[in-house]
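# Fold and geometry: a report
So you can see what is in the structure, the chains are spelled out below.
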Amino acid sequence: MSAPLYVRFRSPIPNARGVQVGVFALANGLAGAGKLNEDEHARWRRSNDWFEVAYAEPTRTHPAVYDRTVNPGAVAWFKISAVELIEKTMVYTQLLDAHRVAWERVETSFPGRILYEDDIQFIATCEANGG
């Protein structure tokens, strides 16, 4: 068995489309619903701002990567070597924990069909990886 090379932080339960959404979307949902207190909202906003500056947004160069018609079930995975990105993701998991929103960390060596890749992350279909 190969050592895990990729990690994903996601909901343990699929949504209506059958996708186990990532912790960024889960935390964004809390913020959008007005469920974060002032301090939590500030941490969420700072984290989102940091990620937007620090890492490439795949849809900027590959606009259809998350298109539900073209790539149904596409999800993001982080390379296990992306230590800083993984550490910064903990802000989102802490917010989820504070609001009792379930999440899980999943690791794999076989993420599915890769649609996009850069030095720290990639987007793959979830057919082979469970979302």
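Summarised in this report is the structure supplied together with it. (Residues numbered from 1 in each chain as written. Predicted model: local features only at pLDDT ≥ 70, side-chain atom pairs only at ≥ 80, totals over all residues. Heavy atoms only, no water.)

## Details of the sheet that holds strand β3 (residues 104-108)
Spelled out, the test is: By this definition, two strands are paired if DSSP reports at least two bridges between them. Only DSSP runs of H or I with at least four residues qualify as helices, and only runs of E with at least two residues qualify as strands; both kinds are numbered from the N terminus onward. Axis definition: a line fitted to C-alpha atoms, over the contacting stretch in the case of helices. Angles run 0 to 180 degrees between N-to-C directions. Every residue pair with non-hydrogen atoms within 4.5 Å of one another is taken to be in contact.
In space, the five strands of this open sheet follow the order β3-β1-β2-β5-β4, with antiparallel pairing throughout. Only two strands of the sheet have a single neighbouring strand rather than two, namely β3 and β4 (114-117). In this sheet, adjacent strand axes meet at a mean angle of 30° when their direction is disregarded. In this sheet, β3 lies alongside strand β1 (residues 6-10) in antiparallel orientation, the contact comprising five bridges. Across the sheet, the residue bridging to Y6 is T108, located in β3. Together, β1, β2 (74-79) and β3 form the strand contacts of helix α4 (residues 83-98), whose direction differs from that of β1 by roughly 10°.

## Considering unusual backbone geometry
Selection rule: Per-residue accessibility, obtained with a 1.4 Å probe over protein chains only, is compared with the maximum for each type, and a residue is labelled buried under 20%, exposed over 50%, and partly exposed between these values.
Of note, the phi angle at R100 is positive, near 55°, even though the residue is not glycine. One can find R100 in the loop between α4 and β3. With relative accessibility at 81%, the residue R100 sits in the exposed group.

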